[in-house]
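Fold and geometry: a report
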Amino acid sequence: MAVVPAKVVAKAPAESRKLLLDEAANELVFAVVGHVGSGTSEIAEALQELLKAEGLPGGKFDAEILKARDTIQDWARTTGEQLPKTEPNDLATVTAFQDLGDKMRLTKGDNAAVARGLAVGVRALRAKKMGVKLEAGPIKPDGVRRAYILDSIRHPVEVDLLRHVYQEAFVLIGVVCEEKRRLERIVRKYRNAGAEDAKKFMKRDAKALEKHGQRVSDAFHLADLYVDNTVDRYSDNREPNPEWDINEELSRLIKILTSSEVVRPRMAETAMHHAYGAAMRSACMSRQVGASLADSEGNIVATGTNEVPKAGGGLYGETFIEGKTGAGDHRCVYVRPDSARVCSNNVQQNKIIDELINEIPELAAVSAARKNELRIELRNGRIGDLLEFSRAVHAEMDAILSAGRTGVSTTGTRLFVTTFPCHYCARGILTAGVDEVQYIEPYPKSQALELHADAITDVGKDWKPPSMGGAKVLFRHFRGIAPRMYHRAFLKDRDLKSAVTGIHLIGEPNWTTPWHLRRSSYVELEAVLAKAI
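Our subject in this report is the structure included herewith. (Residues numbered from 1 in each chain as written. Predicted model: local features only at pLDDT ≥ 70, side-chain atom pairs only at ≥ 80, totals over all residues. Heavy atoms only, no water.)

Let's talk about the overall build of the protein
Secondary structure assignment for the protein yields 19 helices and 12 strands. Overall, the C-alpha framework of the protein stretches about 110 × 70 × 55 Å when taken along its three principal axes. Put simply, the protein has 533 residues, and 44% of those count as buried. Contacts spanning at least 24 positions in sequence make up 66% of the contacts within the protein whose residues lie at least 6 apart. Entry remark: accessible area of the protein is about 28,400 Å², with carbon and sulfur atoms responsible for 54%. (Helix = DSSP H or I, 4+ residues; strand = E, 2+ residues; numbered from the N terminus. Buried < 20%, exposed > 50% of the residue type's maximum accessible area, 1.4 Å probe, protein only. Contact = heavy atoms within 4.5 Å. Areas by Shrake-Rupley, 256 points an atom, 1.4 Å probe, with all protein chains shown as cover.)

Some points on the environment of E179
Within the secondary structure, E179 sits in helix α7 (residues 179-189). Residue classification places E179 among the exposed residues on the basis of a relative accessible area of 52%. A C-alpha to C-alpha distance of 9.2 Å links E179 and V459, two positions 280 residues apart in sequence.

Quick word on helix α18 (residues 483-490)
Across the eight residues of α18, six count as buried, placing the element largely inside the fold. By the burial criterion, the buried members of α18 are P483, M485, Y486, R488, A489 and F490. Taken together, the buried residues of α18 touch β4 (170-176), α10 (246-258), α11 (267-279), β9 (436-441) and β12 (480-481).

Re the sheet that holds β4
If you trace the six strands from one edge of the open sheet to the other, you get β2-β3-β1-β4-β5-β12, paired in mixed fashion. Pairing within the sheet leaves two strands with one partner each, and these edge strands are β2 (62-67) and β12. As paired elements, β4 and strand β5 (residues 225-228) share four bridges and run parallel to each other. Considered in β5, the bridge of I173 is made with L225. Contacts from helix α2 (residues 40-51) reach β1 (27-33), β2, β3 (146-153), β4 and β5, with the element oriented near 175° to β3. (Pairing = 2+ DSSP bridges. Axes fitted to C-alpha atoms, helices over the stretch in contact; angles between N-to-C directions.)

Details of the packing of helix α4 (residues 91-108) against helix α8 (residues 195-206)
At a closest axis distance of 12 Å, the pairing of α4 and α8 adopts a crossing angle of 20°. On the basis of their axis angle, the class for α4 and α8 is roughly parallel. The element α4 and its partner α8 pack so that their crossing is left-handed. Contact residues: L91, V94, T95, Q98, D99 and D102 in α4; D197, F201, R204 and D205 in α8. (Parallel < 35°, antiparallel > 145°, perpendicular 65-115°, else oblique. Left-handed = near helix turned anticlockwise from the far one by under 90°.)

Looking at the pattern of salt bridges
Within the structure shown, the criterion is met by 38 salt bridges. A salt bridge links R105 to E158; the nearest nitrogen and oxygen atoms lie 3.6 Å apart. In this pair, R105 sits in helix α4 while E158 sits in helix α6 (residues 156-166), placing the two residues 53 residues apart along the sequence. A relative accessible area of 2% places R105 in the buried class. Accessibility expressed as a relative area gives 1% for E158, which makes it buried. The salt bridge involving R287 is made with E441; its shortest N-O contact spans 3.7 Å. In this pair, R287 is assigned in the loop between α11 and β6 (290-294) and E441 in strand β9, connecting sequence segments 154 residues apart. A relative accessible area of 24% places E441 in the partly exposed class. (Salt bridge = Lys/Arg side-chain N within 4 Å of Asp/Glu carboxyl O.)

Some remarks on helix α12 (residues 344-359)
In an α-helix, one turn spans 3.6 residues; hence positions three or four apart end up facing the same way. With 16 residues, α12 should cover 22 Å at 1.5 Å per step; its first-to-last C-alpha distance of 22 Å lies within 8% of that length. Here α12 has its buried residues at S344, N345, Q349, I353 and I357. The inward-facing, buried residues of α12 abut α13 (361-364) and α14 (368-379). (Expected span 1.5 Å × (residues − 1).)

Description of the state of the cysteines
One pass over the full model with this rule turns up zero disulfides. There is no disulfide at C284, and the cysteine sulfur nearest it, in C343, is 6.4 Å away. (Disulfide = S-S within 2.5 Å.)

Some thoughts on the environment of A127
By the secondary structure assignment, A127 is in helix α5 (residues 113-130). When the C-alpha positions of A127 and K310 are compared, they lie 60 Å apart, and in sequence the two are 183 residues distant. If sequence neighbours within four positions are ignored, A127 has contacts with V132, L134 and I139.

Right, dumping it as structure tokens:
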């Protein structure tokens, strides 16, 4: 009887999905951004408490706070810079740290220098937690659930750096706070800060003249989540304030990050997401702005974008008509080759500037070089803020007019716009009967609040909508999951029920989570996949 050799069974290669999941870093990096007086440190501490809490689904995080001030202080010691006296509640002390932060960015020739120092601090802290020696080369995470909270961001380039380094695992939290309340807090906190000094401090923090200075207003609109810290956490006698809802908002974020519950967008989040999407349609050479109009039931009744209007209604752009796509498109950036592709607003501003220079005898006689300097100086002033010569209708008005063309009443609606409305649009918003406006990006050129103080307010406390008898339209900053994180936060990435019984059950991600940060680079992952075959 012939002997049949035993069949050799090859070891099956590891599943590709498992190989990727095994490379998960299990680390999250948070940062907070907010204007002075908004309470970024308070938000950072509240987030740390929630992340370290027992009973968190999937296990608690080893969460640590890293402060930008410490990074600046370390740089100053290393370079021999004079450190200010760290007197508590002293405005001169915090102003001196502003100076040091500016000098650090300028000296290094890197506006992201402070964030770079924070990233180095994350690396050092990881090595310390893992008990490994801090040497050159990567400190690869060991898979322990960790979170790093960076307090706080003061420049938009810092956000860009951190997003590129930590990718999907980076979450920026914007701390909203009404300007009046921030001023009150600063005057109350710093014993030598009067109202005028506090305003100067706030102005410098929001947008310094120097590019290497603090520019919180430019970084603020880059956030992934906005929380409102206008009300104080505690009363004067240290009793908890029931109106302070930061813990609830941060807990909702953690539920989204950990997929411990099914969380779906609020109406305002969806409306702002529509506005953000509408902005992408704009071919304006200056900026992209989007708007959406929601009725009292939360239905999106119209969207708008800043773009050139066309005869017959609507805007120039792509169509669904066969053979008509792009035909007769007279947007500034798409005009025919025989026409100059220029911004009409800039052209008219320059004409005004030249007329002013030529009409004033003392200026007309100066040299050509001085005239060019004057043109730049005038353009950087109020003339550069002029808006009325643009060919584009603004996104807010496009949304309102679009609703009108389809017969939808705008009375009692809410307008969601990616940028604060200009004073021209404010008139249309008021006339249309809109109750409330929510925005993300500031627009310093706007005089809406000054010109229409009788009809517009930015204070939400005790506000009543005009459609319900109120006297003013509310212009307020958006709160909630920002459009840039909408997809990551709300897209279904796993099974939510048993395929057999149909009972609700949150499963594992199909591949990786939307917050997945890998321990290895893509070239190292290629090597892992190759080795497993």
